[in-house]
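Coordinates in review
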Amino acid sequence: MDVKDLLTETYDRLPDLVRAAVDGLSPEQLRWAPGPGANPIGWLVWHLTRIQDDHVADLLDADQVWTSGDWASRFGLAADPNDTGYAHSPAQVAAVQPESAQALIDYYEAVAARTAPFLAGLRPADLDRVVDEAWDPPVTLGVRLVSVAEDDLQHVGQAGYVRGLLGAA
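Residues numbered from 1 in each chain as written. Predicted model: local features only at pLDDT ≥ 70, side-chain atom pairs only at ≥ 80, totals over all residues. Heavy atoms only, no water.

**So, the pattern of salt bridges**
- What the rule picks out here adds up to eight salt bridges.
- In this structure, Arg 19 and Asp 16 form a salt bridge, with 2.7 Å as the shortest nitrogen-oxygen distance. One end of the pair is Arg 19 and the other is Asp 16, both in helix α2 (residues 14-22) and three residues apart, which spans about a single turn.
- Since its relative accessible area comes to 28%, Arg 19 is described here as partly exposed.
- As a salt-bridge pair, Arg 74 and Asp 106 come within 3.3 Å of each other at their nearest N and O atoms. Placement of the pair is Arg 74 in the loop between α4 (41-60) and α5 (90-95) and Asp 106 in helix α6 (residues 101-120), with a sequence separation of 32 residues.
- On the basis of relative accessible area, Asp 106 is assigned to the partly exposed category, the value being 24%. (Salt bridge = Lys/Arg side-chain N within 4 Å of Asp/Glu carboxyl O. Helix = DSSP H or I, 4+ residues; strand = E, 2+ residues; numbered from the N terminus. Buried < 20%, exposed > 50% of the residue type's maximum accessible area, 1.4 Å probe, protein only.)

Below, the structure written as structure tokens:
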């Protein structure tokens, strides 16, 4: 299997996982946290989508999906391209207010639709390109794509777990 096919297979699983985590939940259920300092489903799915959007846009040297259209308003937020949820305080987590499960699904699907052709166009040599020299060792495109997939999979799993705690499985 070609590495781009492996990455495509990994990323292609995420839309169904996102949908399964949020479909049918009310805005209140999306904002419910299982305890102090814990993240609600809506924040988890918003964050994983923001990370993919931010990182893929950077790789494409393009604007983020988040800053186009009315995405931010559907979450009660400003269209700040730097706000990905990283290091959010509890107050910032609580400020993420998705209007509906569909808003989360739509945003993720828009980001996934941008990611898919990027992955499809990869050549093996592309994966060795350094995309971030702020780390030691520098981060290659391949490592960045694996990191984003790992983050997305981890957070969508957390969202599924919180959904189970809600009794909405």
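**Some thoughts on the nonpolar core**
- Membership of the largest hydrophobic core comes to 45 residues, with the highest contact counts inside it found for Val 22, Phe 75 and Leu 145.
- Secondary structure elements with two or more residues in this core: α1 (3-12), α2, α4, α6 and α7 (141-166).
- Per element, the largest residue contribution to this core is 10 residues, and it comes from α6. (Core = buried A, V, L, I, M, F, W, Y, C linked by side-chain atoms within 4.5 Å.)

**Quick look at unusual backbone geometry**
- For the bond from Asp 136 to Pro 137, the omega torsion is 5°, close enough to zero to count as cis.
- Position of Pro 137 relative to the elements: it lies in the loop between β1 (130-132) and β2 (139-140).
- Unlike most non-glycine residues, Asp 61 shows phi in positive territory, near 55°.
- Along the chain, Asp 61 turns up in the loop between α4 and α5.
- At Ala 87, a residue that is not glycine, the phi angle is positive and equals roughly 65°.
- Of the residues examined, Ala 87 reaches a relative accessible area of 68% and is grouped as exposed.

**Considerations on the side chain of Gln 52**
- Looking at the secondary structure, you find Gln 52 in helix α4.
- Judged by its relative accessible area of 1%, Gln 52 is buried.
- Not counting residues up to four positions away in its chain, the partners in contact with Gln 52 are Tyr 11, Leu 14, Tyr 108, Val 111, Ala 112, Thr 115, Val 148 and Asp 152. (Contact = heavy atoms within 4.5 Å.)

**A short note on α6**
- Taking 1.5 Å per residue, 20 residues should reach 28 Å; α6 reaches 28 Å between its end C-alpha atoms and fits that length.
- Here α6 has its buried residues at Ala 101, Ala 103, Leu 104, Ile 105, Tyr 107, Tyr 108, Val 111, Ala 112, Thr 115, Phe 118 and Leu 119. (Expected span 1.5 Å × (residues − 1).)

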